[in-house]
Structures are given as C-alpha cells and as structure tokens.
Amino acid sequence: MTLPRLLLSKARSVEEAINYTEKYNLFYDVAPLHYIVADASGKSAVIEFVNGKMAVTKSENKYFAVTNFTLYGNTAKTGFGKERYENIQNTLEKRGGIISEEDALDLLKNNVIPGDGQWSAVYNLSKKTLSVAFSEEYEHVYRFKMYDFDMKDTVYI
C-alpha cells in the first residue's frame, strides 16, 4: 500500500502519478497488479506491472473499467473478470460515461464476485466525494468529502 499512499500525497495529476510510479518496480503474483488513477480534469489511466515492467493504458474516454485481468496489450480484453468488465463497460458506453453515484454503486454491486467483494468505491471527481461499501454490504454506504488543501487538482486511485 506504499504506492497508493505516495500517489495520494504527492501526485497532482494523472501524469504526475505516472511519473512517480515509474520510479518503482512492483510485482504481485496472485493477480494482475494494477492501479486506476484519475484526476478532476477528466484524465485517467491504468498503471499495471507486466513481467516486472510498468505499463500504462490511458483512457480515450472520461471513464475506465478495470476488473481482474491485465488491460495492457490485451485488445480482446480476455481473462478472469471479462464478463464483469463487459457489463460495466457496456453500461458506461450506453450512458456516455455519465452515471449517478447510486447507479455506479448498483453497477458495482451487480458485478461483484459473490462472496469475494472487499469494497466498492465510487469517486465523484467534480464534487470531490467518495462513496464506499465494504464486504458487499451495500445497505451501508459510507460517504466522504475529499479535501484539496491547496485547491489544485488531485489524483485519485
């Protein structure tokens, strides 16, 4: 969890998050290691570590879906989680990436692996809010206001 903490503390944009991450070589062999980063300007990217090297996929839209497979170099979007990825991506595409926070949480709830959900989080980068449900307990959603003390854009992961 050192990298997310570093990025939350230091990075002010997606580009800065990528630049900070380039300084580290991370490896996780249980599942693909990836981070989605976004900033209030609407830019987003997925930072992954593939065969010990950092790989970045930048969004062509103002939204991104990530499940349990590596996106980088995976044009067919194959792997564990493909169905969940397609469900989320199709919903976002149909709505032009515009979805309410409640609908976003429902979308995550409807695409969780039953019994395996750790948390579902929805960031509103315009309002700078976070809504999160833990352990598939969607009836208990915690809402937070994120503060940016120097009033610059902040990167979220």
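Just above sits the structure.
Calculation rules
- Residues numbered from 1 in each chain as written.
- Predicted model: local features only at pLDDT ≥ 70, side-chain atom pairs only at ≥ 80, totals over all residues.
- Heavy atoms only, no water.
- Salt bridge = Lys/Arg side-chain N within 4 Å of Asp/Glu carboxyl O.
- Helix = DSSP H or I, 4+ residues; strand = E, 2+ residues; numbered from the N terminus.
- Expected span 1.5 Å × (residues − 1).
- Buried < 20%, exposed > 50% of the residue type's maximum accessible area, 1.4 Å probe, protein only.
- Arc of directions from axis to C-beta.
- Pairing = 2+ DSSP bridges.
- Axes fitted to C-alpha atoms, helices over the stretch in contact; angles between N-to-C directions.
- Contact = heavy atoms within 4.5 Å.
- Parallel < 35°, antiparallel > 145°, perpendicular 65-115°, else oblique.
- Left-handed = near helix turned anticlockwise from the far one by under 90°.
- Nonpolar A, V, L, I, M, F, W, Y, C, P; charged D, E, K, R; others polar.

Student: Talk me through the pattern of salt bridges; I want residue IDs and the actual numbers.
Tutor: In this structure the tally under the stated criterion is three salt bridges. In this structure, Lys82 and Glu86 form a salt bridge, with 3.0 Å as the shortest nitrogen-oxygen distance. One end of the pair, Lys82, and the other, Glu86, are both in helix 3 (residues 82-94), four residues apart, so they sit about a helical turn from each other.

Student: Give a description of helix 3 that names residues and reports values.
Tutor: Under the 1.5 Å per step criterion, the end-to-end length of helix 3 is 18 Å for 13 residues, consistent within 8% with the ideal 18 Å. Along helix 3, the positions that sit buried rather than exposed are Arg84, Tyr85, Ile88, Gln89 and Leu92. Summarising the axial view, the buried residues of helix 3 lie within an arc of 120 degrees, below the 170-degree limit, and thus occupy one face. The exposed set on the far side of helix 3, more than 90 degrees from its buried face, consists of Glu83 and Lys94.

Student: Break down the sheet that holds strand 5 (residues 129-134) for me, citing the residues and quoting the values.
Tutor: Judged by pairing direction, the sheet is antiparallel, and its three strands sit side by side in the order 4-5-6 without closing on themselves. Either end of the sheet is taken by a strand with one partner, and the two such strands are strand 4 (119-124) and strand 6 (142-145). Each strand axis lies, on average, 20 degrees off the axis of its neighbour in the sheet, ignoring direction. Where helix 4 (residues 101-109) meets the sheet, it contacts strand 4, strand 5 and strand 6, and its direction lies at approximately 155 degrees from that of strand 4.

Student: An account of the pairing of strand 1 (residues 33-39) is requested, with residue identities and associated values reported.
Tutor: Within strand 1, six of the seven residues are buried, leaving the element largely enclosed by the surrounding structure. The pairing of strand 1 with strand 2 (residues 44-50) spans six bridges and is classified as antiparallel. Paired with Ile36 across the bridge in strand 2 is Val46. Counting the residues that bridge the hairpin from strand 1 to strand 2 gives four residues, and of these Gly42 lies at a positive phi of roughly 100 degrees.

Student: How would you sum up the packing of helix 1 (residues 2-10) against helix 2 (residues 14-21)? Please name residues and give values.
Tutor: Packing of helix 1 against helix 2 leaves a shortest axis separation of 10 Å and a crossing angle of 135 degrees. The orientation of helix 1 relative to helix 2 falls into the category oblique. The element helix 1 and its partner helix 2 pack so that their crossing is right-handed. Taking contact as the criterion, the partners of Leu3, Leu6, Leu7 and Lys10 in helix 1 are, on helix 2, Glu16, Ala17, Tyr20 and Thr21. Broken down by class, the residue content of the contact of helix 1 with helix 2 amounts to five nonpolar, one polar and two charged.

Student: Quick one: what's the story with the pairing of strand 5, residue by residue and with numbers?
Tutor: Taking burial as the measure, the six residues of strand 5 include five buried ones, the bulk of the element. Inspection of the sheet shows strand 4 paired to strand 5 by six bridges, in the antiparallel sense. Note that in strand 5 the partner of Tyr123 across the bridge is Leu130. Hairpin geometry of strand 4 and strand 5 is characterised by an intervening segment of four residues between the two adjacent antiparallel strands and by a positive phi of about 55 degrees at Lys128.

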